[in-house]
Amino acid sequence: MTYFQRLLVNTLTFIALAVLLPGMVHVSSWVMALIASFVLSILNGFVKPILSLLSLPLTFLTLGLFSFVINAAMLKLTSTFVGEMHFGFSSFGAAIMVAVIMSLVNMIVTEHNMQNYQDD
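These numbers come from a predicted model, not from an experiment.

Engineer: Tell me what's going on with the side chain of S55, and back it up with residues and numbers.
Structural biologist: Here S55 shows up in the loop between α3 (48-54) and α4 (56-61). Taking the relative accessible area as the measure of exposure, S55 reaches 9% and is therefore buried. Among all residues touching S55, those that are not within four sequence positions of it are F66 and I70.

Now the structure itself:
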């Protein structure tokens, strides 16, 4: 999956979650969802590897489940940079739930994309 495809999938996921979970996820517009996806991709490229490396023992002890907490922290950091009024979560628990859902959506889209390449 290309960078722009992943950006589009994350943008659509943010918009869908804001509609499905209005009390937990707030996105003011599709433009803010796109900006949040872009900021999240930058944070995932630069900050997440450092956090993942520092939390490696804890991630190992929890059999990888701590990675959802790291993803939720990236989402909360994204909402801080974009602005809570434009893109935000009601709590850290909501951010963890969104991190789990986004991981599932990205896994499904990536798997579907891989199936298309194998069929060709």
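Engineer: Would you mind going over the packing of aromatic side chains in detail, with residue names and values included?
Structural biologist: Across all of its chains, the model carries 3 aromatic pairs by this definition. Ring plane angle 80° and centroid distance 5.3 Å describe the contact between F87 and F89, whose orientation is recorded as edge-to-face. Residue classification places F87 among the buried residues on the basis of a relative accessible area of 0%. The exposure class assigned to F89 is buried, which follows from its relative accessible area of 7%. By the ring-pair criterion, three or more aromatic residues cluster together here, those being F14, F87 and F89.

The rules we used
Residues numbered from 1 in each chain as written. Predicted model: local features only at pLDDT ≥ 70, side-chain atom pairs only at ≥ 80, totals over all residues. Heavy atoms only, no water. Helix = DSSP H or I, 4+ residues; strand = E, 2+ residues; numbered from the N terminus. Buried < 20%, exposed > 50% of the residue type's maximum accessible area, 1.4 Å probe, protein only. Contact = heavy atoms within 4.5 Å. Phe/Tyr/Trp six-rings, centres within 6.5 Å; stacked < 30°, edge-to-face > 60°.

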